[in-house]
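# Breakdown of the fold
Residues per chain, in single letters:
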Amino acid sequence: MALGDAVQLELDADGPATITLDQPERRNALSEAIAAGISAALDEIEGSDARCVLLEGSGGSFSAGGDIERMIKGIQTDAPIDERVRALERSTNELIGRLVSFPIPTIALVDGAAVGAGANLALACDMQLASERAAFGFVFRQVGLSVDAGTSYLLPRVVGENVAKELVLTGDIIGADRAHELGLVNHVYDADEFDEAVETFVEKITSGPPVALRHANRLLGEGLEKSLEQALTDEAVAQGIAFDTDDHEEGVTAFLEDRDPEFEGR
């Protein structure tokens, strides 16, 4: 399913939904068209039976980050600063915020470059899987800019404040193995085995109990912002919801019968 001319969506009932950034000639830079396409895809997915969301780029890049064409236009036309800030808030900021809080688990598939805002697009997902061809960089300094797209929120939470400052202030590009060492990605796979490895990993997510896993994913995302008391209370509420599902009954029954459970999302 094409969503505009920049994003493709493939929906698999009771399986993964795949969002593909499809402007390879621009290395899938986070243009307004790509941001709008991802948002439209999330609208479609949120009301579906998809059990997780895969976000990938086409043409050998995940996303090259900020839209250089828009930057050039802003300079050439001398666009007012407040107008450019509002455009950033309407597209990139809203998208990053929505990805971070999206109720269905999200997985970034990084097979190529993820730099600037593109790196944050990956970090905004719940998990990141990379091929050995992946590269990450927070390269805002290269175009004379500070940080945006959630860098100051997302990056220190993953790698710590001091490493986050090093990555941003130097603008260094790091490979997949170094990104894995720092915790920027969950796993790195050989390029030739990437698709197969992703399929195996995703099956572990999609075969789980959807209601319970959505609540668990949400609670983990919120945990750093809460007190222990609030976290325990919220966990109890979520567990009460899970107790009342057919999937919980199926899980217990399967355990007693020594077989794999078959969760249906109810």
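Residues numbered from 1 in each chain as written. Predicted model: local features only at pLDDT ≥ 70, side-chain atom pairs only at ≥ 80, totals over all residues. Heavy atoms only, no water.

Per an unreviewed UniProt entry, the chain goes by the name Enoyl-CoA hydratase and belongs to Natronorubrum aibiense.

### A word on the sheet that holds strand E7 (residues 113-115)
Taken in spatial order, the four strands make up an open sheet running E5-E7-E9-E10, and their pairing is mixed. If you trace the sheet from one side to the other, it starts and ends with strand E5 (61-63) and strand E10 (173-175), each paired once. Strand-to-strand twist in this sheet, taken as the mean axis angle between neighbours without regard to direction, amounts to 20°. Bridge count between E7 and strand E9 (residues 135-137): three bridges; the pairing is parallel. (Pairing = 2+ DSSP bridges. Helix = DSSP H or I, 4+ residues; strand = E, 2+ residues; numbered from the N terminus. Axes fitted to C-alpha atoms, helices over the stretch in contact; angles between N-to-C directions.)

### Digging into the pairing of strand E3 (residues 16-21)
Within E3, six of the six residues are buried, leaving the element largely enclosed by the surrounding structure. A two-sided burial pattern is seen for E3, the buried positions comprising Pro16, Thr18 and Thr20 on one face and Ala17, Ile19 and Leu21 on the other. Pairing of strand E2 (residues 7-11) with E3 involves five bridges; the strand directions are antiparallel. If you follow Glu10 over to E3, its bridge partner there is Thr18. The antiparallel hairpin formed by E2 and E3 contains four residues in its connecting segment, where Asp14 sits at a positive phi of about 60°. Alignment of E3 against strand E4 (residues 52-57), held across six bridges, turns out to be parallel. Paired with Thr18 across the two strands is Leu54, which belongs to E4. (Buried < 20%, exposed > 50% of the residue type's maximum accessible area, 1.4 Å probe, protein only.)

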